[in-house]
Amino acid sequence: MTFFDILDILGTIAFAISGALSAMNRKFDLFGIFIIAFVTSIGGGTLRDVLIGATPVSWMQNTLNLYLISGVTILSIIFRNKLDYLKKSLFLFDTIGLGIFTIIGVEKGIQTDLAPIVSVALGAMTGCFGGVIRDILCNEIPVIFRKEIYATASIAGGICFMVLYQLNTPMNIIYVSTTLLIIVIRLIVVKYRISLPLFTVITKK
């Protein structure tokens, strides 16, 4: 098992917990919790694989992810009362998943010989799309469409990945550096309430 495979597992676990917590916050039933955990974990990767023509998509070829998501979801339900601050836990695991899945998407783009800018976009899609599906199914405005900096952090991480890759930096260092950058950006912008500007159309009465 490579370091890349380990990151893939960690990202899957993080997003599965994120999805399960979000569903429990919305008081979904057992089936709903499992569905949200699954789509949060595999949504971004599924979109990525479809776009690059890698079918059947990864989770259909590697059933370990399905068992992993199921096990993590069950544990999240069992130990839900141990997570005293569900919102903080949801933010933490969502941020970790965003960081890890972004680099996985960028790496897939590089392996497919896509242009750097397309690889960065693929990384952002992989990192963000699972959360988009989760939020829509939970009847919330997806976080990437709010003023909160989310997709921007993913794009920054993707650019960092490509720059380090062009400099022939060892891949393990690239993985760790990029993931930490995304996580740090998310922590800073939330702590200090930094956000992108909002624009509205002013209509005359």
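Our subject is the structure that appears above.
Residues numbered from 1 in each chain as written. Predicted model: local features only at pLDDT ≥ 70, side-chain atom pairs only at ≥ 80, totals over all residues. Heavy atoms only, no water.

Caption draft 1: Structural detail: the layout of surface pockets. Quantified by volume, the largest pocket comes out at close to 570 Å³. Phe91, Val143, Arg146, Glu148 and Arg186 are the residues nearest the centre of the largest pocket, which is lined by 21 residues in total. At the level of secondary structure, the elements contributing two or more residues to the lining of the largest pocket comprise α1 (3–25), α5 (86–111), α6 (116–137) and α8 (171–191). For the lining of the largest pocket, the element with the highest residue contribution is α5, accounting for five residues. Considering only enclosed or pocket space, the second largest pocket measures out at about 330 Å³ in volume. Residue lining of the second largest pocket: 21 residues in total, with Asp8, Thr12, Arg48, Ser58 and Asn65 positioned closest to the centre. Along the lines of polarity and charge, the residues of the lining of the second largest pocket split into nine nonpolar, eight polar and four charged. (1 Å grid on protein atoms, 1.4 Å probe; cavity = no way out; pocket = protein on both sides within 12 Å on 5 of 7 lines; lining within 4 Å. Points joined across faces, edges and corners; volume = space filled by probe spheres on them. Helix = DSSP H or I, 4+ residues; strand = E, 2+ residues; numbered from the N terminus. Nonpolar A, V, L, I, M, F, W, Y, C, P; charged D, E, K, R; others polar.)

Caption draft 2: Main features of unusual backbone geometry. With an omega of -5°, the peptide bond running from Thr55 to Pro56 counts as cis. Counting through the fold element by element, Pro56 comes out in the loop between α2 (30–52) and α3 (58–61). A positive phi angle, near 60°, is found at Asn168, a position not held by glycine. Position of Asn168 among the secondary structure elements: in the loop between α7 (151–166) and α8. Here Asn168 falls in the exposed class, since its relative accessible area comes to 67%. (Buried < 20%, exposed > 50% of the residue type's maximum accessible area, 1.4 Å probe, protein only.)

Caption draft 3: Quick peek at the packing of aromatic side chains. According to the stated counting rule, one finds four aromatic pairs in the structure shown. Here the aromatic rings of Phe4 and Tyr175 are separated by 5.6 Å at their centres, their planes lie at 45°, and the arrangement is tilted. With Phe4 in helix α1 and Tyr175 in helix α8, this residue pair connects regions lying 171 residues apart in the sequence. In this structure, Phe4 and Tyr175 share a single accessibility class: buried. Ring geometry for Phe161 against Tyr175: centres 6.2 Å apart, planes inclined by 35°, an arrangement best described as tilted. Taken together, the residues span a long stretch of sequence, with Phe161 in helix α7 and Tyr175 in helix α8 at a distance of 14 residues. Take Tyr175: its relative accessible area is 5%, and that puts it in the buried class. A connected cluster of aromatic rings, assembled from ring pairs, spans Phe3, Phe4, Phe161 and Tyr175. Over the ring of Tyr192 we find Lys191; its NZ or CZ atom is 5.7 Å from the centre of that ring. (Phe/Tyr/Trp six-rings, centres within 6.5 Å; stacked < 30°, edge-to-face > 60°. Lys NZ or Arg CZ within 6 Å of the ring centre and 35° of its normal.)

Caption draft 4: Fine view of the pattern of salt bridges. Inspection of the entire model under this criterion finds three salt bridges. With a closest N to O distance of 3.1 Å, Asp49 and Arg48 form a salt bridge. When the shortest N-O distance is used, the salt bridge between Asp94 and Arg134 registers 2.9 Å. Residue Asp94 is located in helix α5, and its partner Arg134 is located in helix α6; the two are separated by 40 residues in the primary sequence. Like Arg134, Asp94 is buried. Several salt bridges share partner residues, and in doing so they unite Asp94, Arg134 and Asp135 into one network. (Salt bridge = Lys/Arg side-chain N within 4 Å of Asp/Glu carboxyl O.)

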